[in-house]
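Breakdown of the fold
Listed below are the residues making up each chain.
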Amino acid sequence: MIVSEPVHFSGLRGMLKREESLARHVTWRCGGRADLAYAPADRDDLAAFVRCLPATQPLTVIGLGSNLLVRDGGLRGAVVLMHNPGGALAVADGLLYADAGVASPKVARFAATHGCAEAEFLAGIPGTIGGALAMNAGCYGGEIWRYVARVEVLLRDGGFAVRTPSDYSIGYRSVRRAGGAALDGIFTAAWLRFPQGDSSAARARIKELLARRVATQPLNLPNAGSVFRNPPGDHAAHLIERCGLKGHAIGGARVSEKHANFIVNPEGTARAADIEALIEYVRRVVAEKTGVTLEPEVQIIGEAEK
Ligand SMILES: Cc1cc2nc3c(=O)[nH]c(=O)nc-3n(C[C@H](O)[C@H](O)[C@H](O)COP(=O)(O)OP(=O)(O)OC[C@H]3O[C@@H](n4cnc5c(N)ncnc54)[C@H](O)[C@@H]3O)c2cc1C
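Keep in mind the model is a prediction, meaning the values are calculated, not measured.

1. Notes on the overall build of the chain
Helices and strands together make up the secondary structure of the chain, namely six helices and 18 strands. The globule rule puts the C-alpha radius of gyration for 306 residues at 19 Å, and the 20 Å found for the chain is close to it. Seen through its principal axes, the chain has C-alpha atoms that stretch 55 × 55 × 35 Å. The proportion of buried residues among the 306 residues of the chain is 47%. The contacts of the chain with a sequence gap of at least 6 include a subset with a gap of at least 24, amounting to 64%. When the accessible surface of the chain is summed, it comes to about 14000 Å², and 51% of that surface belongs to carbon and sulfur atoms.

Here it is, written out as C-alpha cells:
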C-alpha cells in the first residue's frame, strides 16, 4: 500500500514541482505525471531531500529518461530528476570523475579531450552516467562497468556509501547488488579508469560512431533506443524485421522503418499505453513465428490510466 503522508520540506535549494508531467523528462515524450518531482541543486541537496521523505514514500530516479516508459497514470510518491548539465567532471590520479547527472556523451567528449581512450562508446548513449551505471549501458564492445573504479551511492536513509565493482553483480544491461538483490540507493558519482590514448584519435572515433548511429537509427523521432535485449546469438532487430513488423503501428506508436528494434512516437501523439501494447504485440508475434521470447530492455514503470 502506498502511504501518502504530508511531507514538509525546508532548506532545499533545488526545484520542487507537484503534478509534474514526466513526458517532459523521458525521450519517448509521453506518459503520466509524478505526484512530486525534485531536481536537486547538488548531491548534498539531494541527500537533504531524501531525508525529508518518509521511509514509506516510493522514490523513483529518472536520469534523461532514455530507457523508460512511464505509464499514462504516472508515478506515485516522489521522483528525483537527476540530469544536471552543469555537473562536475574532472581527471585526477588517473581517474575520470563524473557527477552522476552528467550526460554520457559529454563524458565521452571530456574523456577524449583529456587523453583517455575507450570512452568513445558513451558518445552514442543519450542518458546520464547514473542511468548508464544502473543499466550497465554499452555498445560497440564497450560497457560502462568495465571502467568503473568506484561509485558513490546515496542510500534511502540519506547517508552516502562508496562502493567498488565487487559490491555488484554485473551482466548484459543488468546490474544488481552482489548476492542478487535489486539495486539500492541513487548513484551520485562515478570514478572511471580509462587507458591513456590519443585525443584526436578518440575524437575521430566519436565522430565515426555518431555517423553510424545517424545512418542506422531513427534519431530524429522520439524513441528510447533498443526496446528489446538481444537474445543470445541473435539480434532482436533481425527477428522483428523477419516477422514483417517494421512500420506496424498501434495508436501513435510505430515500429521504426529504419531500425526494427526501435519504437518511435513520430507525431508526438502516442500514449504510453500505445507503446506498451506495441511492445506486447511484437513480443507475441516474434514468439509465435520464431520461437524466441524477446525480453524488454526498456523499463516500464508507473500506473496505467484508470
Ligand atoms: C537513441 C538511443 C540510443 C540508445 N543506445 C543505447 C546503447 O547503445 N546502449 C545502451 O546500453 N543503451 C542505449 N540506450 C538506452 C539508454 O540511453 C541507456 O540505458 C542510458 O544509460 C539510460 O540513462 P538515463 O539517464 O536516460 O536513464 P533513465 O532512462 O532515466 O533510467 C533508466 C534506469 O536507470 C535508473 N537510474 C537513472 N539514473 C540513476 C541514478 N543516478 N541512480 C540510480 N538509478 C538510476 C532509473 O531509475 C531507471 O531504472 C539508447 C537510448 C536511445 C534513446
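2. Overview of the pattern of salt bridges
Going through the model one piece at a time under the given rule, you end up with 19 salt bridges. For Asp44, the salt bridge goes to Arg43, with nearest N and O atoms at 2.9 Å. Among the residues examined, Arg43 registers a relative accessible area of 33% and is labelled partly exposed. Of the charged contacts, one joins Glu280 and Arg283 as a salt bridge, the two residues approaching to 4.0 Å between their closest N and O atoms. With Glu280 and Arg283 both in helix 6 (residues 272–290), this residue pair falls three residues apart, about one helical turn. You can call Glu280 partly exposed: its relative accessible area is 41%. The network of salt bridges with shared partners includes Asp35, Arg76, Glu303 and Lys306.

3. Quick look at helix 2 (residues 104–113)
With seven of ten residues buried, helix 2 lies mostly within the body of the structure. Looking at helix 2, one finds that the buried residues are Ser104, Pro105, Val107, Ala108, Phe110, Ala111 and Ala112. Taken from the residues just after helix 2, Gly115 is the one with a positive phi, measuring 70°.

4. As for the packing of helix 2 against helix 4 (residues 199–216)
Between helix 2 and helix 4, the least distance of the axes is 8 Å, while the angle of their chain directions is 155°. Relative to helix 4, the element helix 2 is oriented roughly antiparallel. Judged by residue contacts, Ala108, Arg109, Ala112 and Thr113 of helix 2 engage Ser199, Ala202, Arg203 and Ile206 from helix 4. Classifying every residue of the contact of helix 2 with helix 4 by side-chain character gives four nonpolar, two polar and two charged.

5. A look at the sheet that holds strand 5 (residues 75–81)
Taken in spatial order, the four strands make up an open sheet running 1-2-5-3, and their pairing is mixed. A single partner strand is all that each edge strand has here, and the edge strands are strand 1 (15–21) and strand 3 (59–62). Strand-to-strand twist in this sheet, taken as the mean axis angle between neighbours without regard to direction, amounts to 30°. The pairing of strand 3 with strand 5 spans four bridges and is classified as parallel. Bridging across to strand 5, Thr60 finds its partner in Val79.

6. Some details on the site of the ligand
In the vicinity of the ligand there are 33 residues, among which Ser66, Thr128, Gly138, Arg213 and Gln299 approach most closely. Within the contact set of the ligand, an oxygen atom lies 2.4 Å away from a side-chain nitrogen or oxygen of Gln299. In the complex, the protein chains occlude 92% of the 970 Å² of accessible area that the ligand would expose alone. Top element by residues in the shell around the ligand is helix 3 (residues 129–135). It accounts for five residues.

7. Topic: the environment of Asn265
Within the fold, Asn265 resides in the loop between strand 17 (263–264) and helix 6. Sequence-wise, Asn265 and Thr188 are 77 residues apart; in three dimensions their C-alpha atoms are separated by 31 Å. In contact with Asn265, other than residues within four places in its own chain, are Trp28, Arg29, Cys30, Pro222, Gly252 and Ala270. One polar contact links the side chain of Asn265 to the main-chain amide nitrogen of Ala270, over a distance of 2.9 Å.

8. Comments concerning the environment of Cys52
With respect to the secondary-structure elements, Cys52 resides in helix 1 (residues 43–52). Taking the C-alpha atoms as reference points, Cys52 and Gly158, separated by 106 residues in sequence, lie 8.9 Å from one another. Apart from residues lying up to four places away in sequence, Cys52 is in contact with Val7, His8 and Phe9.

9. Quick look at the side chain of Ser66
Of note, Ser66 is situated in the loop between strand 3 and strand 4 (68–70). Owing to a relative accessible area of 19%, Ser66 belongs among the buried residues under this scheme. A polar contact of 3.5 Å, which involves the side chain of Ser66, links it to the backbone oxygen of Pro126. When residues no more than four places from it in sequence are discounted, the contact partners of Ser66 are Thr27, Pro126, Gly127, Ala224 and Gly225.

About the thresholds
- Residues numbered from 1 in each chain as written.
- Predicted model: local features only at pLDDT ≥ 70, side-chain atom pairs only at ≥ 80, totals over all residues.
- Heavy atoms only, no water.
- Helix = DSSP H or I, 4+ residues; strand = E, 2+ residues; numbered from the N terminus.
- Rg over C-alpha atoms; globule rule 2.2 N^0.38 Å.
- Buried < 20%, exposed > 50% of the residue type's maximum accessible area, 1.4 Å probe, protein only.
- Contact = heavy atoms within 4.5 Å.
- Areas by Shrake-Rupley, 256 points an atom, 1.4 Å probe, with all protein chains shown as cover.
- Salt bridge = Lys/Arg side-chain N within 4 Å of Asp/Glu carboxyl O.
- Axes fitted to C-alpha atoms, helices over the stretch in contact; angles between N-to-C directions.
- Parallel < 35°, antiparallel > 145°, perpendicular 65-115°, else oblique.
- Nonpolar A, V, L, I, M, F, W, Y, C, P; charged D, E, K, R; others polar.
- Pairing = 2+ DSSP bridges.
- Near = heavy atom within 4 Å.
- Polar contact = N/O pair within 3.5 Å; in protein donor to acceptor, adjacent residues only side chain to side chain.

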